[in-house]
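Each chain, letter by letter, is given below.
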Amino acid sequence: MKRRLQIAGGLLVALFLILGLGSCSKKEQPLEEVSYRLKWLFNISVVGDLWADAYGNFERNGLKVTVKPGGPEKDAIKELEIGHAQFGVASADQVIRAVSKGSPIVVLAQLFQVNPLHWIYRPDKTPLKTPQDLKGRTIGITYGGNDETIMRALLAKYKIKEDEVKLFSVRYDYTPFYQGKVDLWPLYRNAQAPIIGEKLRKAGEKFDLLSPSKLGVQFVANSVVTTQKMLEERPETVKRFIKALLEAWREALDPENKDKAIETVLKYNPETSQEIVRKQLPATRILMLPEPNFEFGKIDVAAWKQTEQIMLAQKLIAGPVQIENRLILGGE
Amino acid sequence: MHMQLEFKDINYHYPGSTNQVFKNLTCAITTPGFHALFGPSGVGKTTLAKMISGEIGGFSGEISARKIHQILYAYNLERLPGWTSVQEHLTATTPGSNRGKIEELVTTFGLEPCMHSRFVQLSLGQQNRTNLARYLLQDFDLLIMDESLANVDEVTKENIILKMKAMFPHRCFLYISHNVVEVAKFCKQILILRSHHKTPQTVSISGQDYSNGMPPANKDLEHTMLEIVNAL
Amino acid sequence: MLYRRIYQFFIIYFIGLTVLFMIKYVLKLSDYVIPSPLEIWQTGQSVFFRYLINVLDTLSVAILGHILSICLATIVGIIGRLTLWIGSFIRVAAYNIQAYPIVAVAPIIFILLGDGLSSRLLITAMICYFPLLLSFLGILSEPVSEIEHFYEATMRMNWHLQVKIRAFENINKIITVIVGSGTLAMVGTIVSEFVAANAGIGHSIRIALYQSDLAKVLVALFLIGICTSLYLVSLEWLGLVVRKRLYSN
């Protein structure tokens, strides 16, 4: 009897072990591998992407994502078409240009609700009470870049002719601005304004930022994209990716997680000081979550349409593209 | 007192090598005239010639020259600059006092057809003759001719040597050649340079010194040639 | 010579285009990634004259910079042959400085000298200067003893005769290195414009890249190729003229 009980007990244990191992092996399903190409180098503007990479958001949604930094020579849309990446980040002008040339791209989420491109200026030297005060000023722009498009849209909106301002070609160094040769200098409000502002503050100078969006020029910035083919053939993957990504962004931008977010950025970008990243984070948050309880990643259709109109007016695209047809609303 | 070139206890080995080229080399050339420096290939004839002209130093011993102030060394691989014709070069490089000799030398050396040509357009023989001619037009006391008449036919060679002897009776020539016959026939003193293993390293033999008139008798010539060959 | 160079360039260019189109149609890429022949043609029509002026602007800077380098390399090469020490010092300096990546140095030069001609000229001169200098140093330091010996022996040698002999004897090498560095001059100017200038075809290419407009880039490359070929042919022709004059004088 005792012996039978022992045998039964042993069989039960064996059964539990088998079932347990079986369920473990079910949990260890291989993760689906995808590549995600960012628009720029690892910095504060990609804190959510870095968070997702660092804290397992992708893994928890069954994905193994290689997050690749972008750069001036990289184009996420081209990589998506060639198949070197499945997801990417591109600015609205890149998306609209690509769509106008037949690229099968769709937009899954809009990261920046307010375009981070602003112009820094010294209010003491360059008082700007209204946009008309731009007349006679030397304005820095990157010929061929977004800032040129935005500034021209701003000038056109306020009926300021190009010969009423001096456009100055901007390169990598800020010397002409520091020397006072240029009155307004383009920069990214969240990433560069804290650095440049700090330099001006140390030099005892006041500064302010010209915001095109506050003046009614909506030009959409970084957004998450994929191909139509990816959306049609692997909708579940797209859904899981967006879910994981938006979740990571929300966690990274949560003020309760600010120290962890800063630590994450510094881990991927050790070149920027902690002090600067500390200033960059709230500046980034306000551009992505302009109001409390704002739905992160929401696509502003009106802003996209305005962006298309601006590009059409400046003949940057040959004809209308109906960009709203490429915006996938309710991304998650 | 005549011109004299004397070598006393010359010892030398090539830089970076332990092989000795000259060992206690002692000899002398005591009169002006057409002399020869003769020896097998690689024994150091060109090296000795360059020591005489001052192009090589770093040897022990003494090379002394009496009544010899200007020494020139000419060798058969020299070239004229590519942009100049033979005539232009000879005119430009001949000292004023020697310009009168140009025509005579050009005729003897058979260089009339070459005068308007550039060096590269000449045959090897013409090139060697041109080179020798320009040296002969300089002011010198001793001219060392290192294979300067290579690729020249025998008849022209004889004319040239005889003309040199007639035009420059009081100068000293040291003729480096591998040709036993011409050395025996034309040279006054023949310095035989031997390997440093042999003692003495140089042997001096009197040549037939044929200048003008009757050439030397065959048996005398043969005797000199035998002496040269036995001395090697 | 010109005819051959131009059609050789055409062959290379159109082979390149063909490869691009094959990739486009095999991988079914949109016009955004690789533009269609029609788009390239239309873009060509719209930017041709503007880009031609830009390329000529670049070419003029390249030619000036090239001439400057040749003069400077000649002077330094002549000085460098004076003693072994000077020659070797100049060589070491040249090897080290030419290793500095021009894309890092160019922005600094533009900061210091501003946007004008002088910065582009300096960068162009720097890029083609070092290969010229090293070649000239080598040529002018190497004795041509078969020719120089007579002049040394008869005390007629002086520095300009020595330079003349060595340059003449190596005229083919000199012409080859000048023609070769002509391409470098063009490349250097384009790179400097791309990185930091506001004029020239390099600047136009940068704008085209910001706009992801490969059609414009291809049109620019076409014009660069034609103009560079013309320049190199001119240099080769000049070399032939110089050789003919030297040998017939």
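Everything here concerns the structure above.
Presented here is a report on the structure given in the accompanying data block.

What counts as what
- Residues numbered from 1 in each chain as written.
- Chains lettered and ligands numbered in written order.
- Predicted model: local features only at pLDDT ≥ 70, side-chain atom pairs only at ≥ 80, totals over all residues.
- Helix = DSSP H or I, 4+ residues; strand = E, 2+ residues; numbered from the N terminus.
- Contact = placed C-beta atoms within 7 Å.
- Buried ≥ 20, exposed ≤ 12 C-beta atoms within 10 Å, placed from the backbone.
- Nonpolar A, V, L, I, M, F, W, Y, C, P; charged D, E, K, R; others polar.
- Core = buried A, V, L, I, M, F, W, Y, C linked by C-beta atoms within 7 Å.
- Domains from an automatic or database assignment.
- Pairing = 2+ DSSP bridges.
- Axes fitted to C-alpha atoms, helices over the stretch in contact; angles between N-to-C directions.

Moving on, we get to the overall build of chain C. Counting secondary structure elements, chain C contains 10 helices and 0 strands. In sequence order, the secondary structure elements of chain C are arranged as α-α-α-α-α-α-α-α-α-α. By its C-alpha atoms, chain C is 75 × 45 × 30 Å across when sized along the principal axes. Looking at chain C alone, contacts between residues at least 24 apart form 77% of all its contacts between residues at least 6 apart.

Our focus in this paragraph is the environment of Tyr 3 of chain C. Note on placement: Tyr 3 of chain C falls in helix H1 (residues 2-27). Spatially, the C-alpha atom of Tyr 3 of chain C lies 25 Å from that of Arg 50 of chain C, the residues being 47 residues apart in sequence.

What follows is about the environment of Ser 35 of chain A. All names here are of chain A. One can find Ser 35 in strand S1 (residues 32-37). When the 18 C-beta atoms within 10 Å are taken as the criterion, Ser 35 is described as partly exposed. Each C-alpha atom, one on Ser 35 and one on Glu 79, is 9.8 Å from the other, the two residues being 44 residues apart in sequence. Ignoring any residue separated from it by four or fewer positions in sequence, one finds Ser 35 in contact with Thr 66, Lys 68, His 84, Ala 85 and Gln 86.

Moving on, we come to the interface of chain C and chain B. Contact with chain C, which involves 12 residues of that partner, is made by 11 residues of chain B. At the level of elements, helix H6 (145-153) and helix H7 (159-169) of chain C are the ones that each hand at least two residues to the side of chain C that touches chain B. By residue number, the principal contributor to the side of chain C that touches chain B is H6 of chain C, which donates 5 residues. Broken down by class, the residue content of the side of chain C that touches chain B amounts to 6 nonpolar, 3 polar and 3 charged.

In this structure, Val 47, Val 95, Val 225 and Leu 245 of chain A together with Leu 133 of chain C are the most contacted members of the largest nonpolar core, which totals 135 residues. It is helix H5 (residues 117-141) of chain C that contributes the most residues to this core, 14 residues altogether. Two domains each put at least three residues into this core: domain 1 (32-114 + 219-326) and domain 2 (117-210) of chain A. Contacts of Val 95 of chain A, omitting those with residues within four sequence positions, involve Ala 90, Ile 105, Val 107, Ser 223 and Val 225 of chain A. Ala 36, Val 86, Val 106 and Phe 119 of chain B belong to the second-largest nonpolar core, a separate cluster that totals 62 residues.

The interface with the highest contact count, out of 2 pairs of chains in contact, is the one between chains A and C. At no point do chain A and chain B touch; the closest pair of C-alpha atoms across them sits 53 Å apart.

This paragraph deals with the interface of chain C and chain A. Interface size is commonly expressed as the accessible area that is lost once the parts come together. Taken residue by residue, the interface counts 16 residues in chain C and 20 residues in chain A. Among the elements of the structure, helix H4 (102-113) and helix H9 (200-210) of chain C are those that each provide at least two residues to the side of chain C that touches chain A. Within the side of chain C that touches chain A, the residues separate by chemical class into 10 nonpolar, 4 polar and 2 charged.

Residues and elements named next belong to chain B. Here 6 strands make up an open sheet; going across it, the order is S5-S6-S7-S3-S8-S9 and the pairing mixed. The open sheet has two edge strands, strand S5 (71-75) and strand S9 (202-206), and neither has a second partner. Averaged over neighbouring strand pairs, the angle between their axes works out to 20 degrees when direction is ignored. Here strand S3 (residues 33-38) runs beside strand S8 (residues 189-193); their pairing, made up of 3 bridges, is parallel. Looking at S8, one finds that Ala 36 is bridged to Ile 190. Packing against the sheet, helix H1 (residues 45-53) makes contact with S3, S5, strand S6 (142-146), strand S7 (172-176) and S8, and its axis sits at approximately 150 degrees to S5.

Scope: geometric values only; no functional claims are made or implied.
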